[in-house]
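Given next are the chains, with one letter for each unit.
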Amino acid sequence: MEEMTREKVRCLIIGSGPAGYTAAIYASRANLSPVLYEGIQPGGQLTITTEVENFPGYPEGVTGPALMDDMRRQASRFGADIRAGIATEADLSAAPYKITIDGEKVIETETLIIATGASAKYLGLADERKYAGMGVSACATCDGFFYRKKNVAVVGGGDTACEEAIYLAGLAKQVYLIVRKPYLRASKVMQERVFSTPNIKVLFEHNTVGLFGENGVEGAHLVRRKGEPDEEMVDIAIDGFFLAIGHKPNSDIFKPWLDTDEVGYIQTIPGTPRTRIPGVFAAGDVADPHYRQAITAAGSGCKAAIEAERYLSEIGK
Ligand code: NDP
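Along every chain, residues carry numbers that run from 1 in the direction the sequence is written. Whole-chain, interface and lining totals are the exception, using all residues; otherwise, since this is a predicted model, local features are given only for residues with pLDDT of at least 70 and side-chain atom pairs are given and counted only at 80 or more. To get the side-chain values, take all heavy atoms of the structure and skip hydrogens and water.

**Q** So what's going on with the sheet that holds strand β14 (residues 206-212)? Residues and values would help.
**A** Strand order in the open sheet made by the three strands is β14-β15-β16, with antiparallel pairing throughout. The outermost strands of the open sheet, each flanked by one partner alone, are β14 and β16 (232-237). Here the average twist between neighbouring strands, direction ignored, is 25°. Only strands that DSSP links by at least two bridges are regarded as paired with each other. Comment: elements are numbered from the N terminus, with helices defined as DSSP H or I runs of at least four residues and strands as E runs of at least two. Here β14 runs beside strand β15 (residues 219-224); their pairing, made up of six bridges, is antiparallel. Residue F212 lies in a different strand from β15, and its bridge partner there is G219. All axes are obtained by fitting lines to C-alpha atoms, using only the stretch in contact for helices, and the reported angles, taken between N-to-C directions, cover 0 to 180 degrees.

**Q** Tell me about the site of the ligand, residues and numbers included.
**A** We define proximity as follows: a residue is near a molecule or strand when any one of its heavy atoms falls within 4 Å of that partner. Around the ligand there are 14 residues in total, and G157, D159, T160, R180 and R185 lie nearest to it. Contacts described as polar in this section are N or O atom pairs within 3.5 Å, which, within protein, must combine one atom able to donate a hydrogen with one able to accept it, while residues neighboring in sequence count only if both atoms come from side chains. One of the side-chain nitrogen or oxygen atoms of R180 is found 2.9 Å away from an oxygen atom of the ligand. The separation between an oxygen atom of the ligand and a polar side-chain atom of R185 is 2.5 Å. Residue burial considers only the protein chains on display, and all accessible areas are found by Shrake-Rupley using a 1.4 Å probe. When the free accessible area of the ligand is taken as 920 Å², the share hidden by the protein chains comes to 70%. Across the shell around the ligand, the residue classes tally to three nonpolar, five polar and six charged. Here the term charged refers only to Asp, Glu, Lys and Arg, the term nonpolar to Ala, Val, Leu, Ile, Met, Phe, Trp, Tyr, Cys and Pro, and the term polar to all other amino acids, Gly among them.

**Q** So what's going on with the environment of Y265? Which residues, and what values?
**A** On the secondary structure map, Y265 appears in the loop between β18 (247-249) and β19 (280-282). Y265 gets classed as buried once you look at its relative accessible area, which sits at 7%. In what follows, residue pairs with any heavy atoms lying within 4.5 Å of each other are defined as contacts. Not counting chain neighbours up to four residues away, the residues in contact with Y265 comprise H247, P249, D259, T260, D285, V286, A287, D288, P289 and R292. Each residue is placed in one exposure class: buried if its accessible area under a 1.4 Å probe, protein chains only, is under 20% of its type's maximum, exposed if it is over 50%, and partly exposed if it falls in between.

**Q** Could you give an account of the packing of aromatic side chains, naming the residues involved and the relevant values?
**A** In this analysis, rings of Phe, Tyr and Trp, with Trp reduced to its six-membered ring, are considered paired at centre separations within 6.5 Å, and the interplanar angle assigns stacked below 30 degrees, edge-to-face beyond 60, and tilted for intermediate values. All chains considered together, the criterion is met by three aromatic pairs. The ring of F78 carries R29 above its face, with NZ or CZ at 4.7 Å from the centroid. Charge-over-ring contacts are defined here by two conditions on Lys NZ or Arg CZ: a distance within 6 Å of the ring centre and an angle within 35 degrees of the ring normal.

**Q** Run through helix α1 (residues 18-29), naming residues and quoting values.
**A** Between the first and last residue of a helix there are one fewer steps than residues, each counted as 1.5 Å, and that sum is the expected span. With twelve residues, α1 should reach 16 Å at 1.5 Å per residue; the first-to-last C-alpha distance of 17 Å fits that figure. Buried residues dominate α1, accounting for ten of its twelve residues. Those residues of α1 lying buried are P18, A19, G20, Y21, T22, A23, A24, I25, A27 and S28. Residues of α1 that are buried sit in contact with β1 (5-14), β2 (35-37), α2 (64-77), β5 (81-83), β8 (105-114) and α7 (294-315). Positive backbone phi, approximately 65°, marks N31, located one or two places after α1.

**Q** Run through the packing of helix α5 (residues 159-169) against helix α6 (residues 188-195), naming residues and quoting values.
**A** Remark: α5 packs on α6, axes separated minimally by 9 Å, with the N-to-C direction vectors making an angle of 35°. Considering the relative orientation of α5 and α6, their crossing is left-handed. Counted together, D159, C162, E163 and I166 of α5 and M190, R193 and V194 of α6 form the full contact between these two elements. By residue class, the composition of the contact of α5 with α6 is four nonpolar, no polar and three charged. Left-handed is the label given to a crossing in which the near helix is rotated counterclockwise from the far helix by less than a right angle, and right-handed is the label when the rotation is clockwise.

**Q** So what's going on with the sheet that holds strand β12 (residues 174-178)? Which residues, and what values?
**A** Strand pairs in the sheet, formed through backbone hydrogen bonds, run parallel or antiparallel to each other. In space, the five strands of this open sheet follow the order β10-β17-β11-β12-β13, with parallel pairing throughout. If you trace the sheet from one side to the other, it starts and ends with β10 (136-137) and β13 (200-203), each paired once. Taken together, the four bridges between β12 and β13 define a ladder with parallel strand orientation. Bridge pairing links L177 to V202 in β13.

**Q** Describe the pairing of β15, naming the residues involved and giving the relevant values.
**A** Linking β14 to β15, which pair antiparallel, is a turn of six residues; within it G213 sits at a positive phi near 150°. As paired strands, β15 and β16 are joined by six bridges and run antiparallel to one another. By the bridge assignment for β16, V223 is matched with M233.

These results come straight from atomic positions and should not be treated as a statement about function.
Next comes the structure, spelled out in structure tokens:
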């Protein structure tokens with residue numbers, strides 16, 4: 001096999017959401033000459049949202065893409081080397097840690113900041129792919145606007161599903177909330193808001209088995225009380241189908257080396273971005289099942305860069 005190209009760096013950051021870019025701002029200002037690979041979705045999850053109203057410093061709000069562009073430019077200004085590319089393999093058996101990029105290049109790094117984020121989960125139906133961008137979405141705030149005065153469905157029974165259903169109810173004519181269990185997992189306040197919104201209809205004990213439509217989604221095939229004696233097929237007419245069944249942390253390539261919880265979130269030493277491997281840090285949604293906010297991700301990216309700087313000075317590199 002052909003020898004892969006190799007490059008040695010002091011600080012490698014993987015991921016380009018608020019955690020990755022904030023780590024890059026701090027690491028470049030600390031003279032760590034960080035290299036950052038942007039990953040599958042440059043700018044991360046915020047690039048698929050519209051208005052961000054809760055990020056401090058933007059009293060009038062800011063769009064997700066503009067916010068991420070600001071962070072990127074701020075990191076570049078201090079010399080962060082921002083590159084396109086996806087981390088496809090990791091070898092954290094010993095320092096320097098080895099990360100393969102796009103299956104063709106190996107970066108050897110003294111410190112590693114994992115800021116690979118999380119991705120929305122899908123049910124795994126072939127129809128979700130068939131109708132991608134034609135009525136299937138995992139982000140109500142991004143795409144809800146297209147469904148004004150139309151009928152939509154949201155899948156899930158957690159806080160995200162309730163929040164998205166309530167948001168869509170303000171735009172759409174009718175919202176169905178498709179819940180597989182006979183109850184909602186969401187917090188009480190969110191449940192109450194859902195139940196008191198007249199144009200949300202909760203379909204408990206319903207599972208989606210397919211979508212149909214000529215040019216885009218026109219409806220969904222559901223099964224009520226699947227596997228029970230009174231199981232029945234139910235079709236609903238909808239124009240939009242929104243997934244809100246949770247997120248999957250992008251931690252797969254690191255799992256052989258780091259501790260992860262049952263969902264795959266990287267476990268760090270509480271209150272810090274330190275993993276069990278010295279010099280390897282995890283920041284943002286990949287290590288955060290609880291808060292998952294742009295500002296908390298940015299905060300943890302800052303902590304990771306400060307930790308990386310201290311670690312490098314301790315080992316004298
Ligand atoms: P959750 O994991 O809390 O909920 C996921 C929901 O999707 C559950 O109802 C689950 O069903 C359902 N689900 C999962 N897989 C499937 C499937 N294959 N088919 C059908 N249904 C499925 O995720 P959320 O994204 O809602 O929330 C994540 C975290 O973020 C939570 O801690 C939440 O509280 C928090 N959050 C808080 C908000 C707020 O306070 N405003 C807003 C948004 C999130 P089941 O119950 O049967 O497992």
